[in-house]
Amino acid sequence: MKPTQPDSHGHFGDYGGMFVPETLMEPLNELTRVYKEVRKDPEFKKELQYYLREYVGRPTPLYFAERLTRKLGTAKIYLKREDLCHTGAHKINNSMGQILLAKRMGKKRIIAETGAGQHGVATATVCAMFGLECVVYMGKVDMERQSLNVFRMESLGATVVPVTVGQQTLKEAVNEAMRDWVTNIRSTHYILGSALGAHPYPMMVRDFQSVIGREARKQILKAEGRLPTALIACVGGGSNSIGLFHPFIKDEGVRMIGVEAGGLGIAGGMHAARFAQDKIGILQGTKTYVLQDNDGQIALTHSISAGLDYAAVGPEHSLLRDLGRSEYSYVTDVEAVDGFDKLSQWEGILPALESSHAIAWIIKNAAEFTSDDLIIINVSGRGDKDVMQLAEWKAKQAAE
Ligand SMILES: *Cc1c(COP(=O)(O)O)cnc(C)c1O
């Protein structure tokens, strides 16, 4: 099938769109207009490619995971090493694209939201590099959980603003960032961190992250002379996964598997597996699958991994899922930690807890494949940021 594209108002089939207050329509329309221009501008492409290569460290390797492959004894497994990007995750691909856009628009001030802190760190980094003012909104609870990343952002010169309403996590941080944007539209660009929110963000973030899939496609063809059987990536808002998937959508034979956070299991409701529930709603500007309680209120979510802990999923995934082009599954916290341990010990790579979900999926489902199969797993980030939390989690498990 043809790669999915939104219509002029950002609809991916029934999903997506621009569900925002009137005051935000103007900046979103301006952003859409400017983005459309630069998207086709060879100078912009050249500039972005330059910084991705010289500063971010692209292309990232597509690494043949020989021991993981041997241990599981089925498909041949390759890892796309986004953990080797500067700042340790794929997030900077998007922050770099958007800050170049902001410079074109003459903006002097950048705002962002962050949950676990990876997007905040990536954005603070590119702001430091280009000398732009940076304000990052972060829930107070997340600031306590991720104090190391708060320190990193502040060291980079950013101001981190604690958000103390509601659950004091990512959802509230996005609301505060949008409020700031409305008030400071002339000076400010909002760098949103995933393939989420109102148009043009889901399309724009996807485009900036598609460098992952474009590279991986070339690299696997070079290494193996054929396309992979399956792609596997974790799904929070959906940016690292759609970035890997999108350049393969036309290749019908390639399975695309997204792995959500199963948390403590689906039955108890303590998870962030949006596609395990089947409810559609509108959250923070976009129509998509949204976790809700029986009254239609946004459900509380849970995952060991802060980057997957969000009630909505990017709208393009909702469409791809309905079309049957991509499939979604989940793994639990316990399984994800097992994935973390195994990749660390078998390959010497500490994956982020988010990425550990993708690793755990293949460990759990290896029997679906044979030695003729070729698999690419996206290692979206490195796990160094998670080791304190993991140490505490393991101590608690041992005590129970
Ligand atoms: C933020 C993050 C994710 C989840 O976000 P997506 O938009 O779904 O990619 C996954 N992995 C890492 C390492 C992250 O920092």
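The rules behind the values
- Residues numbered from 1 in each chain as written.
- Predicted model: local features only at pLDDT ≥ 70, side-chain atom pairs only at ≥ 80, totals over all residues.
- Heavy atoms only, no water.
- Salt bridge = Lys/Arg side-chain N within 4 Å of Asp/Glu carboxyl O.
- Helix = DSSP H or I, 4+ residues; strand = E, 2+ residues; numbered from the N terminus.
- Polar contact = N/O pair within 3.5 Å; in protein donor to acceptor, adjacent residues only side chain to side chain.
- Buried < 20%, exposed > 50% of the residue type's maximum accessible area, 1.4 Å probe, protein only.
- Contact = heavy atoms within 4.5 Å.
- UniProt positions renumbered as here; feature names shortened; annotations may be inferred.
- 1 Å grid on protein atoms, 1.4 Å probe; cavity = no way out; pocket = protein on both sides within 12 Å on 5 of 7 lines; lining within 4 Å.
- Points joined across faces, edges and corners; volume = space filled by probe spheres on them.
- Nonpolar A, V, L, I, M, F, W, Y, C, P; charged D, E, K, R; others polar.
- Domains from an automatic or database assignment.

Chemist: Sorry, what's going on with the pattern of salt bridges here?
Modeler: Opposite charge on two side chains lets them pair, provided their charged atoms get close. Inspection of the entire model under this criterion finds 29 salt bridges. A salt bridge links E37 to R33; the shortest N-O distance between them is 3.5 Å. Remark: R33 and E37 occur in helix α1 (residues 22-39); sequence separation between them is four residues, near one turn of the helix. Here E215 makes a salt bridge to K80, at a shortest N to O gap of 2.7 Å. Here K80 lies in strand β4 (residues 76-81) and E215 lies in helix α10 (residues 211-224), a separation of 135 residues in the sequence. Each member of the salt-bridge network shares a partner with another, and the members are R39, R206, D207 and E316.

Chemist: Whenever I open this one, the side chain of N365 confuses me. Can you help?
Modeler: Within the secondary structure, N365 is located in helix α15 (residues 353-365). Polar side-chain contacts of N365 include one of 2.8 Å to the backbone oxygen of W361.

Chemist: Looking at this model, I keep getting lost on the side chain of N240. Mind explaining?
Modeler: Following the sequence through the fold, N240 ends up in helix α11 (residues 239-245). Judged by relative accessible area, which is 4%, N240 ranks as buried. Here the side chain of N240 touches C234 through a polar contact of 3.2 Å, landing on its backbone oxygen. In contact with N240, not counting residues within four places along its chain, are H90, I212, A233, C234, N378 and S380.

Chemist: I'm lost on the UniProt feature "domain: Tryptophan synthase beta chain-like PALP" (unreviewed entry) in the chain in this one. Help?
Modeler: Using the residue numbers shown here, the UniProt feature "domain: Tryptophan synthase beta chain-like PALP" (unreviewed entry) corresponds to residues 57-381. For residues 57-381, helix accounts for 41% and strand for 20%, while the C-alpha atoms at its two ends are 14 Å apart.

Chemist: Could you clarify how one ought to interpret the layout of surface pockets in this entry?
Modeler: Space left empty within the atom packing is revealed by a probe, the size of a water molecule, rolled over the atoms. Approximately 940 Å³ is the volume attributed to the largest pocket. Of all elements in the fold, only α6 (140-145), α7 (147-155), α8 (170-183), α14 (333-347) and α16 (387-399) reach the threshold of two or more residues within the lining of the largest pocket. Take the lining of the largest pocket: its biggest share by element is seven residues, from α16. Classifying every residue of the lining of the largest pocket by side-chain character gives 17 nonpolar, 12 polar and 12 charged. For the lining of the largest pocket, the two domains that each supply at least three residues are domain 1 (11-52 + 91-205) and domain 2 (59-88 + 210-399). The computed volume of the second largest pocket comes to approximately 790 Å³. If you trace the second largest pocket, you find 25 residues lining it, with Q49, D207, S210, V211 and R214 closest to the centre. Those elements that provide at least two residues to the lining of the second largest pocket are α1, α2 (42-56), α9 (201-209) and α10. Considering every element that reaches the lining of the second largest pocket, the biggest residue donor is α2, with six residues. Classifying every residue of the lining of the second largest pocket gives 10 nonpolar, five polar and 10 charged.

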